[in-house]
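Spelled out from the first residue to the last, the chains are:
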Amino acid sequence: MEILIKNARLRNVNRLVNIQISEGKITSISGNCKEKAEIEIDAGGRLVLPSFSDMHLHLDSVMTIGIPRYNDSGTLQEGITIWGEYKKKINKEEMKNRARLACEWNASHGTTRIRTHADITESTLSALKGLLELKQEIKSLIDLEVTAFPQDGIMTDKQNQELLEKALELGADNVGIIPHQEFTREDGIKSIEFAFELAKKYSKNIDGHVDETDDENSKFLEVLAANTIRNHYEGRVTAGHCTAMHSYNNAYAAKLFSLLKQANITVVPNPPINIHLQGRFDTYPKRRGMARVKELIQCGINVALGNDCIMDPWYPLGRGDMLHSLYLCVHIAQLTGYYELINSLDLITINSAKALGIIGNYGIEVGKKADLVVVDAFNELETIRDQPARLFVIKAGRLVASTEKRNSHVLRSGKLDPLSFHVG
Ligand code: FE2
């Protein structure tokens, strides 16, 4: 299939261009265009971005809200308890249907890559098996990576260690950890060492839940970084949440950032969930409970975002839209200087590609894979502010999703007139 996107605006390019796509790749980007294509899209000066990635999403629990009951306290722990009840009766096909719909929502919002966590502390491994099947079934829409996620801890039960290894044998892409959920700090350290042993044995990367708490004494990120360096795993480790970082003293944070940079660890905050779940034990002032995104970026540490949840025991909302996650992130992290905002789009594009190890084939350049999204906005600021329709989503050179422009009207001089949300 050939696609031609005419009059496209690209980040950091001060003229409109035409993008020719053929056989899954971008074959030309030029100012003038006499070519024809099977599908022609006139972007009309709108922004075209490389497609987004969600670096952290629990597809096995999406859309289970209220079953068997709602999370009344709004705490992480009550969510884990409710999920523990649900997963005893998890049905693989039913789970796949929910997960598939969530993938489709993501694709329609311009996301074509998802790193998902499959809970492997349920003895049938149904979630993992179902998500590995879905990975194959949905590959024309989403590139899915499945992390073997030990929700209930690794050292908490000998069976969990066996299930984690079994998950890797079955084909999980990454080794998960959750050291702050282990019984003791010592067990948390052992769980990280165990994860590295498995990662090396099966040639996998590590993708952890780390310090997802307001407890300033939860300091497993330093242990993860030290083990990354000692095991020569630099660039192969991702740390999700890291909310305790919000509460560390500045001197310790400075030491930690230096270690993270040396270990080349990507930090993955999940802004909607972090602002929702953290601070629950505070009265006032209430902490924001998100990793220090602005300071991490300033220190040169790779930061990429996830959505974590869609309507599950932990979070009642969510729609599978990375622009929503980014919108919350720039508020919580106060990334609201003009250039901070403009550059924040990296958090859902380039930075995730770096963490996924695909940067060599990612981006809008000739010869690279054609994974693109045409947004109904004329610049970066409008894209973040308005979270506009993703008009066309292209994956591997194929049109995989489309959405109509917003079509609003307002009363003017006695009649309903079309209303534009574009400024300038
Ligand atoms: Fe998570």
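Because the structure is a prediction, the values reported are computed rather than measured.

**What to know about the overall build of the protein chain**
In step 1: A tally of helices and strands in the protein chain yields 13 helices and 17 strands.
In step 2: In summary, the protein chain has a C-alpha radius of gyration of 22 Å against a globular reference of 22 Å for 424 residues, a match within 12%.
In step 3: The dimensions of the protein chain, computed from C-alpha atoms along their principal axes, are 65 × 45 × 45 Å.
In step 4: Counting over 424 residues, the protein chain shows a buried share of 58%.
In step 5: If you take every contact in the protein chain between residues at least 6 apart in sequence, the share linking residues at least 24 apart comes to 75%.

**Here we look at the sheet that holds strand S2 (residues 17–22)**
Backbone-to-backbone hydrogen bonds join strands into a sheet, with any given pair of strands oriented parallel or antiparallel.
In step 1: The strand order S3-S2-S1-S4 describes an open sheet built from 4 strands, whose pairing is mixed. The open sheet has two edge strands, strand S3 (25–30) and strand S4 (39–42), and neither has a second partner. If you compare each strand with its neighbour and ignore which way they point, the axes differ by 15° on average.

**Some remarks on the coordination of the iron ion**
In step 1: On the protein side, the iron ion has His56 (NE2), His58 (NE2), His209 (NE2) and Asp308 (OD) as donor atoms, found 2.2 to 2.4 Å from it.
In step 2: Around the iron ion, the 4 donor atoms sit at angles spanning 82 to 168°, and that spread fits a shape best called irregular.
In step 3: Expressed as a motif, the donor residue spacing for the iron ion is H-x1-H-x150-H-x98-D. For the pair His56 and His58, one class covers both residues: buried.

**Describing the sheet that holds strand S15 (residues 398–402)**
In step 1: Ordered in space as S5-S13-S14-S15, the 4 strands form an open sheet in which the pairing is antiparallel. The open sheet has two free edges, formed respectively by strand S5 (48–50) and S15, since each of these has just one partner strand. Sheet twist, expressed as the mean angle between neighbouring strand axes with direction ignored, is 25°.
In step 2: One ladder, built from 4 bridges, connects strand S14 (residues 390–395) with S15; its direction is antiparallel. From the neighbouring strand, Phe392 faces S15, where its bridge partner is Ser402.

**Regarding the domain arrangement of the protein chain**
In step 1: Along its sequence, the protein chain is organised into domain 1 (3–45 + 362–408) and domain 2 (52–357).
In step 2: For domain 1 and domain 2, the distance between their C-alpha centroids amounts to 30 Å.
In step 3: Taken together, the 19 residues of domain 1 in the interface contact 29 residues of domain 2.
In step 4: Between domain 1 and domain 2, a total of about 2000 Å² is buried, with carbon and sulfur atoms accounting for 62% of that surface.
In step 5: When the buried area of domain 1 at its contact with domain 2 is split by residue, Tyr362, Ile384 and Arg390 rank highest and sum to 33% of it.
In step 6: Seen at the junction of domain 1 and domain 2, the total is 5 salt bridges.
In step 7: Two residues, Lys369 and Asp143, come together in a salt bridge whose shortest N-O distance is 3.2 Å.

**As for a negative patch on the surface**
In step 1: A contiguous patch of negative charge, built from Glu2, Glu23, Glu35 and Glu38, is present on the exposed surface.
In step 2: Along the chain, Glu38 turns up in the loop between S3 and S4.
In step 3: Judged by relative accessible area, Glu38 falls into the exposed class, the value being 62%.

Conventions adopted
- Residues numbered from 1 in each chain as written.
- Predicted model: local features only at pLDDT ≥ 70, side-chain atom pairs only at ≥ 80, totals over all residues.
- Heavy atoms only, no water.
- Helix = DSSP H or I, 4+ residues; strand = E, 2+ residues; numbered from the N terminus.
- Rg over C-alpha atoms; globule rule 2.2 N^0.38 Å.
- Buried < 20%, exposed > 50% of the residue type's maximum accessible area, 1.4 Å probe, protein only.
- Contact = heavy atoms within 4.5 Å.
- Pairing = 2+ DSSP bridges.
- Axes fitted to C-alpha atoms, helices over the stretch in contact; angles between N-to-C directions.
- Donors = N, O, S within 2.8 Å, 3.2 Å for Na, K, Ca; no water.
- Tetrahedral: all angles 85-135°; square planar, octahedral: opposite > 155°, others 65-115°.
- Domains from an automatic or database assignment.
- Buried area = accessible area lost by both parts, 1.4 Å probe.
- Salt bridge = Lys/Arg side-chain N within 4 Å of Asp/Glu carboxyl O.
- Patch = residues over 30% accessible without salt bridge, like charges linked within 9 Å, V, L, I, M, F, W, Y side chains within 5 Å.
- Areas by Shrake-Rupley, 256 points an atom, 1.4 Å probe, with all protein chains shown as cover.
- Lys, Arg positive; Asp, Glu negative; His and termini not counted.
- Charge placed at Lys NZ, Arg CZ, Asp CG, Glu CD.

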